[in-house]
Amino acid sequence: MSIHVLSLWLTLFAPVLLLWPACGFGTEETPQETCMYLITPQYSDELGVYQDGDVIIGSLINLHNLAATPDLSFNRKPGLAQCLEFQERTYRWFQAMVFAVEEINQNPSLLPGVKLGYHIMNSCSRYPHSLTAAMSMISGGNKTCGPTKPAKLLVGDSSSTQSILLSTTLIPLKIAMISYLASCPCLSDRQKYPNFFRTIPSDVYQARTMAQIAKRFGWTWIGAVIADSDYGHGTVQAFEEEIKGTGICLAFYHTLYREQLEKDVAFAARTVQASSARVILVLAWYTDVEAFLLELMRRNVTDRLFLASVIWSTSYNIMANPQLYTISKGTLGVALRSAPMPGFSAHLRQLHPARYPDDKFLRTFWENTFGCSPTISSSVIFQNSLPPCSGRESLEGHSEFTDTSHLTVTYNIYLAVYAAAHALHSLLECNSQNHSDSKIKPKCSSPDNITPAQLLQHVKEVRFTTQLGEEFYFQEGGIPPVYDLVNWQIAPDGSLQYDFIGRVDGDQLSINDSAITWPGDSGKVPVSVCTSECPPGTRKTIKKSLPVCCFDCLPCTEGEISNSTGSIKCYRCPKEFWSNSYRNECVARETEFLSVRETMGITLMSVAVSGAVMTTTVAVIFLYHRNTPIVKANNSELSFLLLLSLKLCFLCALVFVGRPSLWSCRIQQAAFGISFVLCISCILVKTFVVLIAFHSARPGSSALIKWFGLSQQRGIVLGFTCVQVVICAIWLSVSPPLPHHNFGMQGSKVILECTIGSVVGFTCVLGYIGFLATVCFLLAFFTRKLPDNFNEAKFITFSMLIFCAVWVVFVPAYVSSPGKYSVVVEVFAILASSFGLLFCIFVPKCYIILLKPENNTKKFLMGKE
């Protein structure tokens, strides 16, 4: 049956069962003969310890662990597991309750004239036992059935699951509960659990502290082993909420169920062994944790760091086991705030069965500690297999039990009793102004007149100053978070102990890193990650179907960087910068242009200068042989002008090499356009001259020579050239070429180039050159078959063919060439077309002049020899 079903059933029927005592009801027997509680404790030896008083405070403490299998013997109720294995640690909690009540009764300023009593019962770690014990305490016989008074308030239980069940069951009865260890976040819901209070912070704060520790040390891949209870599930859920958006993930979490502990421990240990997580969060009872650690030792898994919850972070039982020294060393734990309880150590040392003869738990403790059966008097000896005690046994030397230097849960019980006492004190005061609820009318008469509902209201409003000078009050049913942080270390004597290495007060976490001992022999902080953090120069990319802590590291693309570890994105460098080879820093881009110092620039300059020198050489040869027929033919003046323009074409290529500047960008295109138009104009006029000379030999055509003389030839060349000058002037005045940094062409380099400025202007310049070249080519083509031995039109045709081919190829090559290579293409086109004109037009003439001087005659040229 689930807890929620049981809780619902008891919520509906518990009030009836409690308020309807069966003292002979429905029978003819006398009440005295049948007097009993309808709901009684499970076992007659577990009725607990009762101390009478004016007001009774009930308490539930799990003094035994539960047996692994149910006890089905004939004298026990079937289906309930037997309570076994007495726990010395929780017996000290029991004594904290006794000590607090005795101290309050001796305090004249707190509850004067009122004796506080207690009824402490064993919850046996499971809700069937805690439920029956709670029902027994709050029913109490009501002065008509049984010797005990009903408890007006309960201190307990330790388990969150049992507290949820009891709170839900006791809500209709308005009975307050003050737990000292139930820390499930779910119990902070004041709507669902209005009668529940606790002197321990909610596990929301414990989970937040553990998340802060994991973040501080860079642990992003954490496993979890938890108790299969509301405490375990509630805390791990709170931890998951705290780590959202922090980059921390749970690698796994497995539960430990007390009734199948061996199986669950083996499965959890296998998972821890196979997982890459090196930090394990453990949220379970210390006995279960001990079994889990022993299984890990058996598997030789000793390199894990454990994050201990408040339940076992200061457990002497685990630290006292030498088998666990190796695996437990380095454990980090969140511990409840320890506080002194003056006089408590003396109270523990003077404990003796003779002083508390009704305390059966003390007798069990005595038997376990001294191995003998205590005697109350010489005539009373408890029958068991142990020898009788001598009476000289004492707890004075039992330091483990009487050490009160670090009281945690014990102090919580002490606080819970004082909270109940202060609430009762407020209720019994006659000053009605102390009460905010006008419906509650405090009774100033006998404490027997108070009701649980009145006490519940005062518990909600309780506020007092502790012996430490701290103000105590309930915040959402709990108390503000204050924790100690502990680290398990090997002491000089070889034993295992915990040292305080930090503190949590509210949201403030302080840790002394240098005081921490880490697992293993390296002394270094363990690394617990699914994937190591991405180094600078890379970025995270999440793997599909895996938690965000598992990722790949992809290098940043060119032009992007990440300069921190674990970057989730790469950042683009400013346009003046580019990423270095490691992609972790932006460096200034290298400026690239066709430099005079690089191989390409030197080569082109050398070729251009060579072309100019060759042109000059041809001009010198022509000048020296200016009176020969081959030089004088077809207007020698045009030949020299053509050589001058070709030289300018070669030299204008030099302007394209070097760092672009404002003046060089403007001169480049203008010099190129004007030089080539001058060159083509000269060739065009030469072609006209050849064509006119051929047609003038025909009858009636002599007038053509008259109208196309030297002056007209000069005028045509000048006119064609002036048109290009005007085009260039307009272009440079309207939208001239300018130096420009091109950041988009090549990655790590910025291209320093000259912009075209006006595409229309550039097109007009090239188009005009192309138009003249096309006309010249067509005219030369038509006159290529003249009968002369030296037909200059034929060589002009070849030169124009090369010129046009070069510039037709130039256009797509120029457009598709990146960066400085577009300049290289243009310079190459200039040089190639210039060499084509020089070689095709002047080399044949130089050949005759230098190598065939006998052919340098008018007759030979006219084809008459």
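Residues numbered from 1 in each chain as written. Predicted model: local features only at pLDDT ≥ 70, side-chain atom pairs only at ≥ 80, totals over all residues. Heavy atoms only, no water.

1. Points about the sheet that holds strand β27 (residues 590-592)
Defined as follows: Paired strands are those between which DSSP finds at least two bridges. What counts as a helix is a DSSP run of H or I of at least four residues, what counts as a strand is a run of E of at least two, and both are numbered from the N terminus. An axis is simply a line fitted to the C-alpha atoms; with a helix, the fit covers only the stretch in contact. Between two such axes, the angle follows the N-to-C directions and lies from 0 to 180 degrees.
The strand order across the open sheet built from 3 strands is β27-β29-β28, with neighbouring strands paired in mixed fashion. The open sheet terminates on both sides in strands that have one partner only, identified here as β27 and β28 (739-742). Here the average twist between neighbouring strands, direction ignored, is 30°. In this sheet, strand β29 (residues 749-754) lies alongside β28 in antiparallel orientation, the contact comprising 4 bridges. Residue pairing in the sheet places H741 in a bridge with L752 of β29.

2. Quick look at the pattern of salt bridges
Just so we agree on the cut-off: Here, a salt bridge means any side-chain nitrogen of Lys or Arg that lies within 4 Å of a carboxyl oxygen of Asp or Glu. For every residue, the accessible area obtained with a 1.4 Å probe (protein chains only) is divided by the maximum for its type, and the residue is called buried under 20%, exposed over 50%, and partly exposed between those limits.
Following the criterion strictly, the structure yields 19 salt bridges and no others. With a shortest N-O distance of 2.9 Å, R463 and E471 are connected by a salt bridge. Overall, E471 belongs to the partly exposed group, its relative accessible area being 48%. Residues joined in a network through salt bridges with shared partners are R208, E242 and D507.

3. Considering the environment of L424
For clarity, the threshold we go by: Contacts are assigned to residue pairs with any non-hydrogen atoms lying within 4.5 Å of each other.
Within the secondary structure, L424 sits in helix α15 (residues 409-428). Beyond its immediate sequence surroundings of up to four residues, L424 is in contact with V55, L111, L116, I450 and L455.

4. Topic: empty space enclosed by the protein
Basically, it comes down to this: Two kinds of site are reported from a 1 Å grid over the protein atoms alone, namely cavities, where a 1.4 Å probe fits but cannot get out, and pockets, open sets with protein on both sides within 12 Å along at least five of seven lines, and residues are called lining when an atom falls within 4 Å of a point. Grid points are joined across faces, edges and corners, and a volume is the space filled by probe spheres set on the points. For this classification, Asp, Glu, Lys and Arg are treated as charged, while Ala, Val, Leu, Ile, Met, Phe, Trp, Tyr, Cys and Pro are nonpolar and the rest, including Gly, are polar.
Under the definition given, this model contains 5 cavities of 30 Å³ or more. A volume near 70 Å³ is recorded for the largest cavity. Sort the elements by how many residues they give to the lining of the largest cavity and α15 lands first, with 3 residues. For the lining of the largest cavity, the residue count by class is 8 nonpolar, 2 polar and 1 charged.

5. Overview of the state of the cysteines
Note the threshold: In plain terms, two cysteine sulfur atoms within 2.5 Å form what is called a disulfide here.
Taken as a whole, this structure holds 8 disulfides when the rule is applied. There is a disulfide in this structure between C534 and C553, and the S-S distance comes to 2.0 Å. The chirality of the disulfide connecting C534 with C553 is left-handed, given an S-S dihedral of about -90°. Of this pair, C534 sits in the loop between β20 (508-511) and β21 (538-542) while C553 is found in strand β22 (residues 551-555), placing the two residues 19 residues apart along the sequence. The exposure class of C553 is partly exposed, given its relative accessible area of 30%. Disulfide pairing is shown between C665 and C754; the S-S distance is 1.9 Å. Taking the sign of the S-S torsion, about -75° here, the bridge from C665 to C754 comes out left-handed. Within this pair, whereas C665 is found in helix α20 (residues 662-696), its partner C754 is found in strand β29, the two being separated by 89 residues in sequence. C754 matches C665 in its accessibility class, with the two residues each being buried.

6. Some points on the sheet that holds strand β9 (residues 221-227)
With respect to topology, 8 strands assemble into an open sheet ordered β10-β9-β11-β12-β13-β18-β19-β20, the strand pairing being mixed. Because the sheet does not close on itself, it has two edges, and the strands there are β10 (249-256) and β20. Along the sheet, successive strands turn relative to each other by an average axial angle of 25°, direction set aside. Both β9 and strand β11 (residues 279-283) contribute to a ladder of 5 bridges, which runs parallel. In the strand pairing of β11, V225 is matched with V282. Across the sheet, helix α8 (residues 261-274) lies against β9, β10 and β11, angled at about 160° from β10, the strand it touches most. Set on the sheet, helix α9 (residues 286-298) makes contact with β9, β10, β11 and β12 (305-308); between it and β12 the angle comes to about 175°.

7. Here we look at the pairing of strand β6 (residues 151-155)
Basically, it comes down to this: Convention used here: a crossover is right-handed provided that the path from the first strand, over the helix, to the second strand proceeds clockwise when the strands point away from the viewer.
With respect to burial, β6 is a largely interior element, 5 of its 5 residues being buried. Bridge count between β6 and strand β7 (residues 176-179): 3 bridges; the pairing is parallel. Within the sheet, the bridge partner assigned to V155 lies in β7 and is I178. Where the polypeptide runs from β6 across helix α5 (residues 160-170) and back to β7, its parallel neighbour, the crossover connection is right-handed.

8. Description of the packing of helix α17 (residues 599-624) against helix α25 (residues 820-851)
Test applied: Any angle from 65 to 115 degrees is called roughly perpendicular, while one under 35 is roughly parallel, one over 145 is roughly antiparallel, and all others are oblique. Crossings are assigned a handedness: left-handed for a near helix turned anticlockwise from the far helix by less than a right angle, right-handed for a clockwise turn.
The contact between α17 and α25 brings their axes to 10 Å, and the two run at 25°. Classified by the angle their axes make, α17 and α25 are roughly parallel. Like other packed secondary-structure pairs, α17 and α25 cross with a definite hand, here left-handed. Where α17 approaches α25, its residues M600, L604, V607, A608, G611, M614, T615, V618, I621 and F622 are matched on the opposing element by V824, V827, L831, F835, L838, F839, F842, K845, C846, I849 and L850. Taken together, the residues that form the contact of α17 with α25 break down as 18 nonpolar, 2 polar and 1 charged.

9. Thoughts on the pairing of strand β18 (residues 482-490)
Most of β18 sits inside the fold, with 8 of its 9 residues counted as buried. Across 5 bridges, the pairing between strand β13 (residues 332-336) and β18 is antiparallel. Bridge pairing links A335 to D484 in β18. Connecting β18 to the antiparallel partner strand β19 (residues 496-505) that follows it, the hairpin turn spans 5 residues, and G494 within it adopts a positive phi of roughly 90°.

10. Concerning the nonpolar core
Where we set the bar: Nonpolar cores are built from buried Ala, Val, Leu, Ile, Met, Phe, Trp, Tyr and Cys residues. Side-chain atoms within 4.5 Å join them into one set.
In terms of nonpolar packing, the biggest core is built from 136 residues, with Y91, W219, F292 and L332 touching the most fellow members. For this core, the leading source of residues is α15, giving 15 residues. Apart from residues lying up to four places away in sequence, W219 is in contact with I213, A214, I248, V279, L305, L307, L332, W518, V525, P526 and S528. I621, C679, F762 and I841 belong to the second-largest nonpolar core, a separate cluster that totals 65 residues.

11. Some points on helix α13 (residues 360-370)
When α13 is considered as a whole, its buried residues turn out to be K360, F361, L362, R363, F365, W366 and E367. One or two positions beyond α13, positive phi appears at G371, with a value near 70°.

12. A short note on the packing of aromatic side chains
Stated precisely, the cut-off is as follows: When the centres of two rings from Phe, Tyr and Trp lie within 6.5 Å, Trp using its six-membered ring, the rings pair. Their planes under 30 degrees apart give stacked, over 60 give edge-to-face, and anything left gives tilted. Lysine and arginine charges are scored as sitting over a ring when NZ or CZ, respectively, is within 6 Å of the ring centre and within 35 degrees of the ring normal.
Within this structure, the stated rule accounts for 36 aromatic pairs. Among the aromatic residues, ring-to-ring pairing joins F672, F676, W731, F762, F803, W807, F810 and Y814 into one connected group. Lying across the ring of F197, R190 places its NZ or CZ 4.9 Å from the centre. We note K360 situated over the ring of F361; from NZ or CZ to the ring centre the distance is 5.6 Å.

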